[in-house]
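Examination of the molecular architecture
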Amino acid sequence: MLKYVDTKNAPAAIGPYSQGIAVNGLVFFSGQIPLSPVTGEVVGTTIKEQAEQVMKNIGALLESQGIGFEDAVKTTCFLADMGDFAPFNEVYGAYFTGKPARSCVAVKDLPKGVLCEVEVIAAIKN
């Protein structure tokens, strides 16, 4: 049975998708970009500022399911510029201390011209 994630503490979906879906003990969160959940506007201009907002959004999604960053099993990270890899990793590493499996790639463009996007798969506690 699918359970849709819906929290006002993370940005609302800006397209035909949900914030996430929980199924069979896992929750699959849609990619998070550095949007304010209150204004819907991009937060920050540097990779570190934007990555911090992305982590806050992910934290809100995880919290909505009663779990935390330590429950993440896989992340996929998208960077607008691979030159931002080191500063992005500084922020990422402060949150994902459990070291989930990860892919990190540079892409041509991201929504709203942001510098990073992160999607997460996490285990739901029984």
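Reference entry: report on the structure contained in this document.

Cut-offs used in this document
- Residues numbered from 1 in each chain as written.
- Predicted model: local features only at pLDDT ≥ 70, side-chain atom pairs only at ≥ 80, totals over all residues.
- Heavy atoms only, no water.
- Phe/Tyr/Trp six-rings, centres within 6.5 Å; stacked < 30°, edge-to-face > 60°.
- Helix = DSSP H or I, 4+ residues; strand = E, 2+ residues; numbered from the N terminus.
- Buried < 20%, exposed > 50% of the residue type's maximum accessible area, 1.4 Å probe, protein only.
- Pairing = 2+ DSSP bridges.
- Axes fitted to C-alpha atoms, helices over the stretch in contact; angles between N-to-C directions.
- Contact = heavy atoms within 4.5 Å.
- Parallel < 35°, antiparallel > 145°, perpendicular 65-115°, else oblique.
- Left-handed = near helix turned anticlockwise from the far one by under 90°.
- Nonpolar A, V, L, I, M, F, W, Y, C, P; charged D, E, K, R; others polar.
- Core = buried A, V, L, I, M, F, W, Y, C linked by side-chain atoms within 4.5 Å.

A word on the packing of aromatic side chains
Enumeration over the complete set of coordinates arrives at 4 aromatic pairs. Relative to tyrosine 92, the ring of phenylalanine 88 lies with its centre 5.9 Å away and its plane at 35 degrees, an arrangement referred to as tilted. Of this pair, phenylalanine 88 and tyrosine 92 are both found in helix α2 (residues 85–95), 4 residues apart, which corresponds to roughly one turn of the helix. Each of the two residues, phenylalanine 88 as well as tyrosine 92, counts as buried. Among the aromatic residues, those joined into a cluster by ring pairs are Phe69, Phe88, Tyr92, Tyr95 and Phe96.

Quick word on the sheet that holds strand β6 (residues 116–123)
Strand order in this open sheet of 6 strands is β1-β2-β3-β6-β4-β5, and the pairing throughout is mixed. The two strands at the open ends of the sheet, each matched to only one other strand, are β1 (3–5) and β5 (101–106). Each neighbouring strand pair of the sheet contributes to a mean axis angle of 15 degrees, computed without reference to strand direction. Alignment of strand β4 (residues 72–79) against β6, held across 7 bridges, turns out to be antiparallel. The residue of β6 that forms the bridge with alanine 72 is alanine 122. Seen against the sheet, helix α1 (residues 47–64) touches β1, β3 (26–32), β4 and β6 and runs at an angle of roughly 25 degrees to β6.

Some details on the packing of α1 against α2
Relative to each other, α1 and α2 sit at 25 degrees, their axes nearing to 8 Å. Classified by the interaxial angle, the pair formed by α1 and α2 is roughly parallel. Crossing geometry of α1 relative to α2 is assigned as right-handed. Taking contact as the criterion, the partners of Ile47, Lys48, Ala51, Glu52 and Met55 in α1 are, on α2, Pro87, Phe88, Glu90, Val91, Tyr92 and Tyr95. Across the contact of α1 with α2, the residue classes break down as 8 nonpolar, no polar and 3 charged.

Points about the nonpolar core
Phe29, Met55, Ile58, Phe88, Phe96, Val118 and Val120 are the most contacted members of the largest nonpolar core, which has 27 residues in total. Breaking this core down by element, the ones donating at least two residues are β3, α1, β4, α2 and β6. For this core, the leading source of residues is α1, giving 8 residues. Every residue in contact with valine 120, bar those within four places of it in the chain, is listed here: Val27, Phe28, Phe29, Ile58, Ala72, Lys74, Thr75 and Phe96. In terms of nonpolar packing, the next biggest core, distinct from the first, is built from 5 residues, Ile33, Leu35, Phe78 and Leu110 among them.

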